[in-house]
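# Survey of secondary and tertiary structure
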Amino acid sequence: MNPARPAPGTALMALADLGDPDARAVDFRSGDALFSLIVARRGDIVRAYENVCPHARSPLERPDGRVVIDEGRFLVCSAHGASFDIADGACVGGPGTGPLTPFAIVVRAGVAFAA
């Protein structure tokens, strides 16, 4: 297990900091280890995925930190344009080879926490 992976109960992001639709990268460090998540929202749907494209093994966000959302419902990999459904992480277009890896969260009092 990655030592930088957030422990259950760790606050990931306040939903007030996330538009609708929107997605943000959240990084966790422990020494040299890095664990990065994408927290995404579309309406009442709030999901988190490991910030790794299954095709290119690169982060989804652009170099400026922005996560591209297409048509209000797809996360778009900045490396090559693969598209993933916010609701379930399924690859729906581009050169993707599989779904995004989900990260379990729970939303309480307007905050997403690691489950």
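Given the structure is predicted, the values throughout are model-derived calculations rather than measurements. (Residues numbered from 1 in each chain as written. Predicted model: local features only at pLDDT ≥ 70, side-chain atom pairs only at ≥ 80, totals over all residues. Heavy atoms only, no water.)

### A few points about unusual backbone geometry
The general pattern is negative phi for most residues beyond glycine and trans for most peptide bonds. Test applied: Put simply, DSSP H or I for four residues or longer makes a helix, DSSP E for two residues or longer makes a strand, and each gets a number counted from the N terminus.
With omega at 0°, the peptide bond leading from Asp20 into Pro21 counts as cis. Relative to the elements of secondary structure, Pro21 occurs in the loop between β1 (11-14) and β2 (22-30). Although it is not a glycine, Glu71 sits at a positive phi angle of roughly 55°. Looking at the element boundaries, Glu71 is found in the loop between β5 (68-70) and β6 (74-76). In this structure, Ala109 is a non-glycine residue whose phi angle is positive, near 50°. Looking at the secondary structure, you find Ala109 in the loop between β9 (105-108) and β10 (111-114).

### Remarks on the pairing of strand β4 (residues 45-50)
This is how the line gets drawn: One requirement defines pairing of two strands: DSSP has to find at least two bridges between them.
Pairing geometry for strand β3 (residues 33-42) and β4, over six bridges, is antiparallel. Bridge pairing in β4 places Arg41 opposite Val46. Adjacent in sequence and paired antiparallel, β3 and β4 are bridged by two residues, among which Gly43 carries a positive phi angle near 60°.

### Topic: the sheet that holds β3
Just so we agree on the cut-off: As a rule, the C-alpha atoms of each element are fitted with a line to give its axis, helices using only the stretch in contact, and angles between N-to-C directions run from 0 to 180 degrees.
Judged by pairing direction, the sheet is antiparallel, and its three strands sit side by side in the order β2-β3-β4 without closing on themselves. This sheet does not close on itself; its edge strands, each paired only once, are β2 and β4. Across the sheet, the mean angle separating the axes of adjacent strands is 20° when strand polarity is ignored.

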